[in-house]
Amino acid sequence: MAARFASGLVQMATDSASGETDGMKLIQYLAGVLAESYFIFDEPGQAMEGGLAQLSRLLGCEALDGPLWPAALPPAHIIDHETERGRVAARLLLDEWLDCLHELQALVQSVAHNMIVSWEAEGIPRAESFRLVVECTKRAMAFEFAAQELCDMVIERKVALEGWSLGDCIAGLSAIAGRRLAQSLSNDTCMVFRGSNIPDNLDRVVYVMTQEATRMGVPAGSDWRFGLAANDMPVNAPVELIRGLEPSCVEFFDSIGMDGFFEQSVSCAKAAGRMIAVAAGGEIPEIEPAIAKPLAMAAMTESYKFVCLDHAIVNA
């Protein structure tokens, strides 16, 4: 079964036209599988630490130490997307192995061990490939933790204590995602607003939000941008929502050591997508999907533009 599962991951990472296997995709799929195997336990953080330590013993080496070399990993939104695919693949095993979680964990560890050893035979030192697997696994875990904790935080603090609506929560998380994205970019990059197209770098974070919402049961469709303001309209970012929510988000990011603005943007976008599913999912949604989706898109887009406009004025 381990061999068949490993073969399935390789097939996922292989281009059907050229027949070539994308090694970085394969590493991310494996990281997603490992992350999913840790999330089945009550303390996934401890499970990850123990699982990676066990994998290190099986490999007979530690992950390569020192700073990560430049461009070693894909951007955060790619890691989130590809590791999620690995997590989906891992769930195929859960149906058969839920009655024995430790056996499932041993199976996944065996797959990871044998794949990393096989890469060494192809010229990639196991300490290097193990480091990449560890980094991708930790990021996959961090994005999932962030989505869970940020949603719990806004419900417990803002909805329960301050009377925020779910629409406020969706708009607030989306707005911070747009703000953090703009802060992660250079002034010249984030000032690109031509025609009616939203900049490509904003689309990347939007994709994280839409995919998370769709995974959680929100109907897919093309109505995310319905009713967005035209480019010649004044920027209208939900500043009060950002001010009310951002300190709590910063507190959480500090607690998990996530200091990169782009990683924070992806985390907030993922949480916003999950919050959309909370508000717009089910047979009787609290907010209709046709309303919740453009609400999130508008908040993210306007906040992104607001930061860029502010930078442009300062640097004028």
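Residues numbered from 1 in each chain as written. Predicted model: local features only at pLDDT ≥ 70, side-chain atom pairs only at ≥ 80, totals over all residues. Heavy atoms only, no water.

The secondary structure content of the protein chain amounts to twelve helices and zero strands. Reading the secondary structure of the protein chain in the N-to-C direction produces α-α-α-α-α-α-α-α-α-α-α-α. For the protein chain, buried positions account for 48% of its 316 residues. Split by element, the accessible area of the protein chain, about 15200 Å² in all, is 54% carbon and sulfur. (Helix = DSSP H or I, 4+ residues; strand = E, 2+ residues; numbered from the N terminus. Buried < 20%, exposed > 50% of the residue type's maximum accessible area, 1.4 Å probe, protein only. Areas by Shrake-Rupley, 256 points an atom, 1.4 Å probe, with all protein chains shown as cover.)

As enumerated under the stated definition, the model contains two aromatic pairs in all. Look at Phe39 and Phe145: their rings are 5.5 Å apart centre to centre, the planes differ by 65°, and that puts the pair in the edge-to-face class. Residue Phe39 is found in helix 2 (residues 23-39), and its partner Phe145 is found in helix 6 (residues 126-162); the two are separated by 106 residues along the sequence. By relative accessible area, Phe39 is classed as buried at 17%. (Phe/Tyr/Trp six-rings, centres within 6.5 Å; stacked < 30°, edge-to-face > 60°.)

Moving on to the nonpolar core. Among the nonpolar cores identified, the biggest contains 96 residues, and Leu150, Leu173 and Ile276 are the most heavily contacted of them. For this core, the leading source of residues is helix 6, giving 14 residues. (Core = buried A, V, L, I, M, F, W, Y, C linked by side-chain atoms within 4.5 Å.)

This part covers the packing of helix 2 against helix 6. Closest axis-to-axis distance for the helix 2/helix 6 pair is 8 Å, and the angle between their directions is 55°. Classed by the angle they form, the pair helix 2 and helix 6 counts as oblique. Here the hand of the crossing between helix 2 and helix 6 comes out right-handed. Contacts from Met24, Ile27, Gln28, Leu30, Ala31, Leu34, Ala35, Tyr38 and Phe39 of helix 2 reach helix 6 at Leu132, Val133, Cys136, Thr137, Ala140, Met141, Glu144 and Phe145. (Axes fitted to C-alpha atoms, helices over the stretch in contact; angles between N-to-C directions. Parallel < 35°, antiparallel > 145°, perpendicular 65-115°, else oblique. Left-handed = near helix turned anticlockwise from the far one by under 90°. Contact = heavy atoms within 4.5 Å.)

Turning to the confidence of the model for the protein chain, a few remarks are in order. Detail in the predicted coordinates should be disregarded across regions flagged by low pLDDT. Residues of the protein chain with pLDDT of at least 70 account for 88%, and the chain-wide mean is 86. A low-confidence stretch, residues 187-197 stays under pLDDT 50, and its non-local contacts, those more than four residues away or across chains, total 16 contacts. (pLDDT = per-residue confidence, 0-100.)

As for its placement among the helices and strands, Pro75 is situated in the loop between helix 3 (44-59) and helix 4 (76-97). In this structure Pro75 comes out as partly exposed when scored by relative accessible area, which is 42%. Counting along the chain gives 129 residues from Pro75 to Arg204, while the straight-line C-alpha distance between them is 9.9 Å.

Further remarks concern the pattern of salt bridges. As enumerated under the stated definition, the model contains 19 salt bridges in all. Between Lys158 and Glu162 there is a salt bridge; the shortest N-O distance is 3.2 Å. Here Glu162 and Lys158 lie together in helix 6, a separation of four residues that amounts to about one turn. Overall, Glu162 belongs to the partly exposed group, its relative accessible area being 49%. (Salt bridge = Lys/Arg side-chain N within 4 Å of Asp/Glu carboxyl O.)

Below, the discussion takes up helix 10 (residues 239-256). Think of an α-helix as 3.6 residues a turn; residues three or four steps apart then line up on the same face. In this model helix 10 runs 25 Å from its N-terminal to its C-terminal C-alpha over 18 residues, within 8% of the 26 Å that 1.5 Å per residue would give. Along helix 10, the sharpest change in direction is near 35° and occurs at Leu245; proline Pro247 comes one to four residues later. Restricting attention to buried positions, one finds in helix 10 the residues Leu241, Ile242, Leu245, Glu246, Ser248, Cys249, Phe252 and Phe253. Just downstream of helix 10, Gly257 is the residue with a positive phi angle, here 70°. (Expected span 1.5 Å × (residues − 1). Bend = angle between axes of the 7 residues up to and from the residue.)

Applying the stated criterion across every chain yields a total of zero disulfides. No disulfide involves Cys169; its nearest neighbouring cysteine sulfur is the one of Cys151, lying 8.8 Å away. Summary of cysteine pairing: Cys268 is not part of a disulfide, and the nearest cysteine sulfur, belonging to Cys249, is at 4.6 Å. Given the relative accessible area of 0%, Cys268 is considered buried. (Disulfide = S-S within 2.5 Å.)

Within the secondary structure, Gln105 is located in helix 5 (residues 101-121). Among the polar contacts made by the side chain of Gln105, one reaches the side chain of Ser37 at a distance of 3.5 Å. Those residues in contact with Gln105, other than ones at most four positions away along the chain, are Ser37, Tyr38, Phe41 and Gly51. (Polar contact = N/O pair within 3.5 Å; in protein donor to acceptor, adjacent residues only side chain to side chain.)

Examined against the element boundaries, Tyr304 turns out to sit in helix 12 (residues 289-314). For Tyr304, a relative accessible area of 0% translates into the label buried. Taking C-alpha positions, Tyr304 is 7.9 Å from Leu202, a pair spaced 102 residues apart along the chain.

Here the focus is the packing of helix 7 (residues 166-184) against helix 10. Their axes nearest at 9 Å, the elements helix 7 and helix 10 cross at an angle of 70°. Between helix 7 and helix 10, the angle is such that the two are roughly perpendicular. Within the contact between the two elements, helix 7 uses Asp168, Ala171, Gly172, Leu173, Ala175, Ile176, Arg179 and Arg180 and helix 10 uses Leu241, Ile242, Leu245, Glu246, Cys249 and Val250. Residue composition of the contact of helix 7 with helix 10, grouped by class: nine nonpolar, one polar and four charged. (Nonpolar A, V, L, I, M, F, W, Y, C, P; charged D, E, K, R; others polar.)

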